[in-house]
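Residues per chain, in single letters:
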Amino acid sequence: MTTPQPGFSLLSTWADQLRPIAEAAGRAILDVRARGFDVDKKTDASPVTEADRVAEGIVVAELEKLSPAFPIIAEEKVSAGDIPEINGSAFWLVDALDGTKEFIKNGADFTVNIALVYDGVPIFGIVHAPARNETFVGVVDPNGSDRRSEVWRDGKASPISVRTRPPKVVVAGSRSHEVADEMDAFLSNYEVSDRVVIGSSLKFCLVAEGLADFYPRFGPTCEWDTGAGHAVLRAAGGRVHTFDGAELPYKKVPSFLNGKFLADGGP
C-alpha cells in the first residue's frame, strides 16, 4: 500500500507545529533530571529512565493527532514490544531521548529526535538539544528541489548548510561508541585538522552546519537514532550513505538496525 506523499508545504507546516513539541519534551527531560530519577536496564542492557518515557509520550501523542495514518516507530514502545505494521510508504521515527548515557551523567549532548521517512528515506527531521537550547530542523521535498534547513537558538532561526570540504578535514565522532581501529583506518585517507567528540545525533548537525566534514559510524545504531539527523543533513546539502555509496536505507523491519555508514557534506 502506498500512503499519500506529503508535500513540502505540509512538511514545513508540520515542522512549525512539531518544533515546540520537541522543545516541550526537552523541558520535561530537564525537569526529570532536576528532581532526580532512577536508571533501569532494557533487555539489551542499555539504560532507560523516566525522562525517556515521559518525553516519548509527549511526542507520540502529538504525532497521533497530527497524522493518524502514519505508523509511529518509537524507541521505548519498540523496546516494550509495541511495533506497528508499516504497510505504507511513510512512517515516523521517534527517539525522544537520544543520548541517555549523556543525560544520566549530567552532560549536554542529548537530543529529542523526530523524523518522517518516506519511500525509505528521511524527508523531515527535528533534532532538539534541551541542555544546549538549540533545535535543528530539516525538510526535504520528496518530489522536488525545495529544502528547509535551519537551527533555532534563542528563539531565532538561522539557515545552515554544509561546507565545501577543505584540504584538512574536521571529523565528528562518538563519545561512547567509537570503533577505534576502523576509525583510524578511515582517517588514514585524509589530512585531519580536528576531531570533535560529541554525543547523540548532534554529530549529523555539526556536518549540516558546516562545522565538521565527516561523521563516520562503524558501531551499530537504530533507525530512530539516525533518521532525524539524516534528514537535517540532507536538507543542508549533505548525505548519509553506506561505505559503498548507497543511501542509508530505512524500514528495516523488525530490528530497524543500521549497518556502518558515513555522514558527509559532499565532495
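Values in this document were obtained by computation on a predicted structure and should not be read as measured data.

The subject of this paragraph is the overall build of the protein. Scanning the protein from N- to C-terminus turns up seven helices and 16 strands. Projected onto the principal axes, the alpha-carbon positions of the protein cover approximately 45 × 45 × 40 Å. Here the protein holds 267 residues, and 56% of them are scored as buried. Pairs at least 24 residues apart make up 63% of the contacts formed inside the protein by residues separated by at least 6 positions. For the protein, the exposed surface amounts to about 11200 Å²; the carbon and sulfur share of it is 50%. Positive and negative side-chain charges of the protein, numbering 28 and 38 respectively, have mean locations separated by a distance of 3 Å.

A few words now on the environment of Val196. Counting through the fold element by element, Val196 comes out in strand β11 (residues 191–197). Residue class for Val196 comes out partly exposed when judged on its relative accessible area of 25%. Between the alpha carbons of Val196 and Gly81 there is a distance of 36 Å; along the sequence they are 115 residues apart. Every residue in contact with Val196, bar those within four places of it in the chain, is listed here: Val170, Val171, Ala172, Gly173 and Leu206.

When the terminal C-alpha atoms of helix α7 (residues 223–235) are compared, their 18 Å separation across 13 residues agrees well with the 18 Å that a helix rising 1.5 Å per residue should span. Phi for Gly237, located one or two positions after α7, is positive at around 105°.

A few words now on the packing of aromatic side chains. Scanning all chains against the criterion turns up 15 aromatic pairs. Taking 6.1 Å as the distance between ring centres and 80° as the angle between the ring planes, the aromatic pair formed by Trp14 and Phe70 counts as edge-to-face. Residue Trp14 is located in helix α1 (residues 8–35), and its partner Phe70 is located in the loop between α2 (50–66) and β3 (72–74); the two are separated by 56 residues in the primary sequence. Across the pair, exposure class does not vary: Trp14 and Phe70 are buried alike.

So, on to the pairing of strand β4 (residues 90–98). One face of the sheet, then the other: side chains in a regular strand alternate in exactly this way. Most of β4 is tucked away: nine of the nine residues are buried. Pairing geometry for β3 and β4, over three bridges, is parallel. Of the residues in β4, the one forming a bridge with Ile73 is Leu93. Inspection of the sheet shows β4 paired to strand β5 (residues 111–118) by seven bridges, in the antiparallel sense. Within β5, the residue paired with Val94 across the bridge is Ile114.

By the element assignment, His230 lies in helix α7. His230 gets classed as buried once you look at its relative accessible area, which sits at 0%. Within the local environment of His230, its side chain forms a polar contact with the side chain of Glu247, the two groups lying 2.9 Å apart. Of the polar contacts made by the side chain of His230, one reaches the side chain of Tyr250; its length is 2.9 Å. Aside from chain neighbours lying at most four places away, what touches His230 is Pro122, Phe204, Val240, Glu247, Leu248 and Tyr250.

Taking burial as the measure, the six residues of strand β10 (residues 168–173) include five buried ones, the bulk of the element. Where β10 lies against β11, six bridges are found, and the strand directions are parallel. Within β11, the residue paired with Val169 across the bridge is Val192.

What follows deals with unusual backbone geometry. A cis amide bond links Val253 to the next residue, Pro254, at an omega of 0°. With respect to the helices and strands, Pro254 occurs in the loop between β14 (239–241) and β15 (257–258). Although it is not a glycine, Asn106 adopts a positive phi angle of roughly 70°. Tracing the sequence through the fold places Asn106 in the loop between α4 (100–104) and β5. What makes Asn106 exposed here is its relative accessible area of 56%. Phi at Asp154 takes a positive value of approximately 55°, unusual for a residue other than glycine. Mapped onto the secondary structure, Asp154 falls in the loop between β8 (147–153) and β9 (156–159).

How each quantity is defined
- Residues numbered from 1 in each chain as written.
- Predicted model: local features only at pLDDT ≥ 70, side-chain atom pairs only at ≥ 80, totals over all residues.
- Heavy atoms only, no water.
- Helix = DSSP H or I, 4+ residues; strand = E, 2+ residues; numbered from the N terminus.
- Buried < 20%, exposed > 50% of the residue type's maximum accessible area, 1.4 Å probe, protein only.
- Contact = heavy atoms within 4.5 Å.
- Areas by Shrake-Rupley, 256 points an atom, 1.4 Å probe, with all protein chains shown as cover.
- Lys, Arg positive; Asp, Glu negative; His and termini not counted.
- Charge placed at Lys NZ, Arg CZ, Asp CG, Glu CD.
- Expected span 1.5 Å × (residues − 1).
- Phe/Tyr/Trp six-rings, centres within 6.5 Å; stacked < 30°, edge-to-face > 60°.
- Pairing = 2+ DSSP bridges.
- Polar contact = N/O pair within 3.5 Å; in protein donor to acceptor, adjacent residues only side chain to side chain.

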